[in-house]
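In case you want the letters, here they are:
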Amino acid sequence: IQSDKTRRRISQQEISVCCDDLAQIIWKNYKPNLIVAIDTGGSVPGELIALALNISIVHIVVRRNINIARRYCLDPIPLRWIMSTYHHYLFQTVKPVLSVSINTDISGKKVLIVDDALHTGATIDIAIDYLKQSNVSEIQVAALSYVSRRKPDYFVLPPGNYSFPWSKDFEKSEV
């Protein structure tokens, strides 16, 4: 488990460059006609990629119902370690659920799901299941980065933990 302090901070300018690069990679390999951004992490990359590719975007919300605060970064080291481990355990075991869906007809669309990072893949799986039920014709996944062995179809950052401008820990992470 990497603590919040070991995450590499990605600036807004780097996000713009990454999204432009990602859009070029996607367009060479896949021609989606709809982007589905997973809020909140996928909102900014999704919007930037949709703009670069000149295609429509919709947003869905997939959440894990984890009711512990991540304020423990200021606690004494043993408590911080215990809470970090507990949060990681919950993140790995609590199944995410779709809490806001798409209210337009997307059947027959070639869809690109966009998120900031692929961790366990559980959020992406919920989105894929939902889109399959909506009868889309094709689904591929793009993320700025990934953490686990499971890779998105398209990514631009090497595997690792990153803190993005919209991340709760952005101000506390390394530059």
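Throughout what follows, the structure given in this document is the object of discussion. Please read these numbers as outputs of a predicted model, since none were measured by experiment.

**Here we look at the environment of Cys18**
Step number 1: Within the secondary structure layout, Cys18 lies in helix H1 (residues 12-29).
Step number 2: Relative accessible area serves as the criterion here: at 11%, Cys18 is assigned to the buried category.
Step number 3: Beyond its immediate sequence surroundings of up to four residues, Cys18 is in contact with Leu144, Val156 and Leu157.

**Points about the packing of H1 against helix H2 (residues 43-53)**
Step number 1: Packing of H1 against H2 leaves a shortest axis separation of 9 Å and a crossing angle of 50 degrees. As summarised for this structure, H1 and H2 are arranged oblique, according to the angle between their axes. The crossing of H1 and H2 is right-handed. Contacts from Gln12, Ile15, Ser16, Cys19, Asp20, Leu22, Ala23, Ile26 and Trp27 in H1 reach Val44, Pro45, Leu48, Ile49, Ala52 and Leu53 in H2.

**A word on unusual backbone geometry**
Step number 1: Residues other than glycine seldom take positive phi values, yet Asn54 does so here, at roughly 55 degrees.
Step number 2: Following the sequence through the fold, Asn54 ends up in the loop between H2 and strand E3 (56-63).
Step number 3: If you check the backbone angles, Asn135 has positive phi at about 60 degrees while not being a glycine.
Step number 4: Along the chain, Asn135 falls in the loop between helix H4 (122-133) and strand E6 (138-146).

Cut-offs applied
Residues numbered from 1 in each chain as written. Predicted model: local features only at pLDDT ≥ 70, side-chain atom pairs only at ≥ 80, totals over all residues. Heavy atoms only, no water. Helix = DSSP H or I, 4+ residues; strand = E, 2+ residues; numbered from the N terminus. Buried < 20%, exposed > 50% of the residue type's maximum accessible area, 1.4 Å probe, protein only. Contact = heavy atoms within 4.5 Å. Axes fitted to C-alpha atoms, helices over the stretch in contact; angles between N-to-C directions. Parallel < 35°, antiparallel > 145°, perpendicular 65-115°, else oblique. Left-handed = near helix turned anticlockwise from the far one by under 90°.

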